[in-house]
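Residues per chain, in single letters:
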Amino acid sequence: MRKVKLAKLSSNEEVIETIHSFIDALYLELSLDPKPGLITPISQNRHKDMDYFIMFETIPLIRKYLYGVMNICDEIFYYQTEETVEFSEKKISQDFLLKYFFNNLKDEIERILHFGLIVEKQMFTKTKGINTYKGIIFTYTVLFISMYIFLEIYEYRILEDSENGYNLRRYSFIKIYSYIVQKVGEILVDYKIKVNNLPKSTYGAITYEKYKYRGVVDEAKKGYPIIFKAMNYFLNLKNKANIESFIYNPELFTEKKVILLKVFLFICSSLKDTNILGKKGEETLLEYQKLCSDAMKRKNHENFFLSLKQINEFCLKNDISSGGTADLFSSVIALLKIFNLF
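Residues numbered from 1 in each chain as written. Predicted model: local features only at pLDDT ≥ 70, side-chain atom pairs only at ≥ 80, totals over all residues. Heavy atoms only, no water.

> Account for helix H11 (residues 282-296), with residues named and values stated.
The end-to-end C-alpha distance of H11, which contains 15 residues, comes to 21 Å, matching closely the 21 Å that a straight helix rising 1.5 Å per residue would cover. Restricting attention to buried positions, one finds in H11 the residues Thr284, Leu285, Tyr288, Gln289, Cys292, Ala295 and Met296. One side of H11 carries all its buried residues, which in axial view fall inside an arc of 135 degrees. Exposed residues on H11 whose side chains face more than 90 degrees from its buried face are Glu283 and Lys290. Lining the buried residues of H11 we find helix H8 (225-240), helix H9 (253-270), helix H10 (274-280) and helix H12 (301-318). (Helix = DSSP H or I, 4+ residues; strand = E, 2+ residues; numbered from the N terminus. Expected span 1.5 Å × (residues − 1). Buried < 20%, exposed > 50% of the residue type's maximum accessible area, 1.4 Å probe, protein only. Arc of directions from axis to C-beta. Contact = heavy atoms within 4.5 Å.)

> Give me the lowdown on the packing of aromatic side chains, citing residues and values where you can.
Overall, the coordinates contain 23 aromatic pairs when judged by the stated rule. Ring plane angle 35 degrees and centroid distance 5.8 Å describe the contact between Tyr52 and Phe56, whose orientation is recorded as tilted. You can see Tyr52 and its partner Phe56 sitting in helix H2 (residues 52-79), four residues apart, about one turn around the helix. The partly exposed category is assigned to Phe56, whose relative accessible area is 33%. Pairing Tyr177 with Phe228 gives two aromatic rings, centres 6.1 Å apart and planes at 65 degrees, and the pair type is edge-to-face. With Tyr177 in helix H5 (residues 174-194) and Phe228 in helix H8, this pair connects stretches of sequence that are 51 residues apart. A network of ring pairs unites the aromatic residues Phe150, Tyr154, Phe173, Tyr177, Phe228 and Phe339 as a single cluster. Its end group placed over the ring of Phe246, Lys256 keeps NZ or CZ at 5.9 Å from the ring centre. Between Lys262 and the ring centre of Phe304, over which it is positioned, the NZ or CZ distance is 5.6 Å. (Phe/Tyr/Trp six-rings, centres within 6.5 Å; stacked < 30°, edge-to-face > 60°. Lys NZ or Arg CZ within 6 Å of the ring centre and 35° of its normal.)

In structure tokens form, the structure reads like this:
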């Protein structure tokens, strides 16, 4: 067994393609209507301090951020490191590859988070203090770094299978990706907790003080299981509707829209959103989740959209909305597109 410096196999074009999917998902989420309590192209709902246009204009900052993270990953995993991995004539072990990536990420995670803070400040400057996509910066950091690592693992898996390698599809290894997400989430969250780099005056902080639950931070450390469950829920609905791809079947437009909204409600009904929990308490959150869960079961389209209207009225009455759901929904759509399942 000898040691070599790792060579990058995935191309920047492949990584950039995933960036496009992450950004496309933000535009899709923003354009989806009706979304209870949240910004849509035709409604501010409860958000009187922002609208569709301010959200639309800050999405390019997220694109800029992901390009920056890609460049940092190139440097910390390949250009500036002298670390080597064990190599046999047959293959480089997947375990060694993962250890290599995780160790380098631990050493440089502060650099990535610092860059995230810079982009966050640019967002607040652009919006004059309005928080449009702070949450997505955190979630996309975990998912995008994981995707960067995954693409390398995927390319090495293709390389080691000389007969069938190029017949392998990304979705065949989605369990590997989910494992990487969990490990990257742990690294990021452990660092933020270690340096006490968690907000002190947010509803998330209030929720942790009272319920010992950190919302999306806890979800990240667990590997965002809710995202992968929502992906499976989407695929089940899509199969039942006999929809091959959302690109096709324009005659099923309403059915496709209902599927997306039901996936949104699935996340709403599953997520303990800290904005709602910290602002209104557990009773209001549970009532909101039940309304979303009941609406998901509506098979008649007219009744389904009526249920959405009732949920929106509940959100307006209680001055609540689930921004965390919007972030996770965008993440679900992005991953479905990247794994060619959309």
